[in-house]
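Working through the structure, step by step
Here's the letter readout for the chains.
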Amino acid sequence: MDMGVFAVLAQDGITNGAVYALLAMALVLVFSVTRVIFLPQGEFIGYGALTVAALQSGQYPRLVSLLMAVGALTFCVELGTALYNKRYKPVPKLHLMWSAIENLAYPALIWVLARSIGWQDMPMAAQIAFALAMTIPLGIMIYRVAFQPMAEASVLVLLIVAVGVHFAMLGLGLFIFGPEGSTTRSFTEWSTEIGAMLVSGQSLVVIAVSLVMIGALYVFFDRSLYGKALRATAVNRKGAQLVGIGTSQAGRMAFGLAAGLGSLAGVLIAPLNTVGYDTGFVVALKGFVAAIVGGLASYPLAAAGAALVGLLESYSSFWASAYKEVIVFTLIIPVLAWRSLTSGHGDEE
Amino acid sequence: MSAPQQAPQADGQSVLETRNLCVRYGKVEALRATSIRLQAGQIVTVIGPNGAGKSSLLNAIMGLLPSNGTSEGQVLYLGHDVAHHNIEHRLGKGLALVPEKRELFTTMTVEDNLVLGAYRRRKSGWSYRDGLEGIYKIFPRLKERRKQLAGTMSGGERQMVAIGRALMSDPKVLMLDEPSLGLAPRVMAEVFHVISHLRESGVATLLIEQNSRAALQVSDYGYVLEVGDVTLEGKASDLAKNPKVIEAYLGKHA
């Protein structure tokens, strides 16, 4: 392997690592706040990428229909909970009104926008923003329907629910997007040469977006009251309740952020890879490996793990391309062994 | 010394009152038909042995029972029954609880802990800076340590953070569960000193203590809770002289 190949592989690995970093951050966020292992992450990758692809080809993004259906379901769940909850009596009318706006009116608004605007002529940034405007609320709704009612359950029960949500979203993905994968337009055709290495603008965009998101998340968690509230919930759920940070509110924020990061990751890989409804799962699993490096708790370690996974994948695809997935996923074993030796035993809180 | 059925403080309106409050965990009864009253600016203490249901009483008033716990009866806050409201609502009304385990955000700074104490007031346009200054006036040590992680503080300092965090929500009623637990005597005296000074700001305090002597010294009124029932109540100074209380809770050298 000469320096040129080495550099190309490094560029490739870091670009992929940047995507895995976003996914790993989302997994750490969701797990630390809600204790849910966010398996449906992969579906958001597919949903995001395929929705942008549909917008670019001038088709009606069928995710809007799903959003309206899940929104209606969510509202029914909220209504049912409000009427049948005996513990806290007064029917929360204001709460139900907000719920109707979020779950019924908002998807309808998105439908109107999807029908009335010619999205294929819009700039790519607007298309991506519109796709995120669908996937983020979808993440929040999924939290409300599937996870909020059993927020106090054990990690294992929550994992089983997450598996169920994963398969449901996978099936729905096949139904609304079909079995064919798509690619999207590239962000930029620009590229430059540094020495012998061709640096593609595409890679730079991916890395830049990822870095900006990581920086924004850092500022959000470190400076804003809502970010601190999320961290507080992750550190001490009971303490958070004592100061009035609702567990469910924190969960909604975490799922919304994670859904947004997941679909953004999908959008970032879509120009270079054909993304189908089921592509996301393996990609998300690599993000999961990266998150495991950080023990599902540390953001910087998860980001470092993502770079490691990206580079490992890139170099192993050169030397042993048939085994590249095997090599990446086998990384879990030494990492877990190392973590279980070094960290104290934290089985279940 | 008055009998339990006698209305304790007929003068003045009670800020917090429980009527026949019962708490159950599954089939286990932790608290039986407990009625207590608390007036504005008063310090009321509940003493009693371990397992008498003291913490259950506070958790039921706050609406923070574990998921297998249920409560019946009334929790009257300024005359309104809040027993069916959730914890955020009760916090908004002006109840705050410092639990036995403090439940601090250990990996965050002291100042962040305090700021989050004011989380429920975020929409009221209230500046938490003023609140922080108030807390730092009460606990000057917290100002020195405001950038330190809460988990690295000593037991007494953690208790100060916990009380400060609760005060940041601007409560009318502050409930303290075993504030002196695990503290050195000198630190304990400091905490009690602060508690007795909270009275001046109009905050009513409901105190639960193993250290009955110190608790009765700072309190206006007291209840003795034994196996889920109030068995004695009266002015704190009277309780401290009561032979039964002295024998069971204060020891011989009272």
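Worth saying up front: this structure is predicted, and the values here are computed from it rather than measured. Every chain is numbered independently, its residues counted from 1 as its sequence is written. Note on labels: chains are lettered from A, ligands numbered from 1, in written order. With pLDDT at 70 or above as the cut-off, local features in this predicted model cover only qualifying residues; side-chain atom pairs require 80 or more to be listed or tallied, and sums for whole chains, interfaces and linings still use all residues. Just so you know, side-chain values use all the structure's heavy atoms and leave hydrogens and water out.

One side-chain nitrogen of Lys or Arg within 4 Å of one carboxyl oxygen of Asp or Glu is enough to make a salt bridge. Under the criterion given, the structure shown has 19 salt bridges over all chains. For A:Asp222, the salt bridge goes to A:Arg223, with nearest N and O atoms at 3.3 Å. A salt bridge links B:Glu190 to B:Arg141; the nearest nitrogen and oxygen atoms lie 3.1 Å apart. Taken together, the residues span a long stretch of sequence, with B:Glu190 in helix H7 (residues 185–198) and B:Arg141 in helix H5 (residues 140–144) at a distance of 49 residues. Only protein chains enter the accessibility calculation, which uses a 1.4 Å probe; a residue is then buried when its area is under 20% of its type maximum, exposed when over 50%, and partly exposed in between. Looking at B:Glu190, the relative accessible area reads 30%, which means it is partly exposed. Among the residues examined, B:Arg141 registers a relative accessible area of 27% and is labelled partly exposed. Going along the chain from the N terminus, every DSSP run of H or I of four or more residues is numbered as a helix, and every run of E of two or more is numbered as a strand.

With that out of the way, let us pick up the nonpolar core. Here, the term nonpolar core denotes a set of buried Ala, Val, Leu, Ile, Met, Phe, Trp, Tyr and Cys residues that are joined through side-chain atoms within 4.5 Å. Counting residues in hydrophobic clusters, the biggest one holds 87 residues, and the most contacted among them are A:Leu63, A:Leu138 and A:Phe147. If you tally residues by element for this core, the top one is helix H1 (residues 3–34) of chain A, at 14 residues. Here, residues are in contact when the closest pair of their heavy atoms is within 4.5 Å. In this view, A:Leu138 contacts A:Phe44, A:Tyr47, A:Leu63, A:Leu66, A:Leu67 and A:Val70; residues no more than four positions away in its chain are not counted. Ranked by size, the runner-up nonpolar core spans 37 residues in total, among them B:Ile43, B:Val115, B:Ile195 and B:Val218.

As a further point, take the packing of H1(A) against helix H8 (residues 225–235) of chain A. Residue and element names in this part refer to chain A. Simply put, an axis is a line fit to the C-alpha atoms, just over the touching stretch for a helix, and the angle between two N-to-C directions goes from 0 to 180 degrees. In contact at an axis separation of 7 Å, H1 and H8 are set at 60° when each is read in the N-to-C sense. The angle between H1 and H8 places the two elements in the oblique class. Residues Leu29, Ser32 and Val33 of H1 lie in contact with H8, whose contacting residues are Leu230, Thr233 and Ala234. Here the contact of H1 with H8 is built from residues that sort into four nonpolar, two polar and no charged. Throughout, the term roughly parallel applies to angles under 35 degrees, roughly antiparallel to angles over 145, roughly perpendicular to angles from 65 to 115, and oblique to all others. Polar here means any residue other than Ala, Val, Leu, Ile, Met, Phe, Trp, Tyr, Cys and Pro, which are nonpolar, and Asp, Glu, Lys and Arg, which are charged; Gly is therefore polar.

This paragraph deals with the interface of chain A and chain B. Interfaces are often described in size by the accessible area the parts lose on coming together. In this complex, chain A contributes 24 residues to the contact, which on the side of chain B involves 28 residues. Defined here as a combined quantity, buried area equals the accessible surface (1.4 Å probe) lost by two parts on assembly, summed across both. Overall, the association of chain A and chain B removes approximately 2,400 Å² of surface from exposure, summing both partners, and the carbon and sulfur fraction of that is 62%. Taken together, chain A and chain B are joined by one salt bridge. A:Lys228 is the partner of B:Asp112 in a salt bridge, and the nearest nitrogen-oxygen pair spans 2.8 Å. The term polar contact refers here to a pair of N or O atoms within 3.5 Å; inside protein, the definition further demands a hydrogen-donor-capable atom paired with an acceptor-capable atom, and it admits residues adjacent in sequence only when both atoms are side-chain atoms. At the surface where chain A touches chain B, the tally comes to five residue pairs in polar contact (both at pLDDT 80 or more). Elements with a minimum of two residues in the side of chain A that touches chain B: H8, helix H9 (237–242) and helix H10 (247–269) of chain A. In terms of residues, the side of chain A that touches chain B owes the most to one element, H8(A), which gives seven residues.

Below, the discussion takes up the sheet that holds strand E7 (residues 173–177) of chain B. Residue and element names in this part refer to chain B. Two strands qualify as a pair provided DSSP detects at least 2 bridges between them. The strand order across the open sheet formed by six strands is E6-E7-E8-E3-E9-E10, and the pairing between neighbours is mixed. Taken across any chain shown, the strands that pair with only one partner, and hence form the sheet edges, are strand E6 (95–98) and strand E10 (229–235). Direction aside, the axes of adjacent strands within the sheet are offset by 15° on average. Bridging between strand E3 (residues 43–47) and strand E8 (residues 204–208) involves four bridges; their strand directions are parallel. Residue threonine 45 lies in a different strand from E8, and its bridge partner there is leucine 207.

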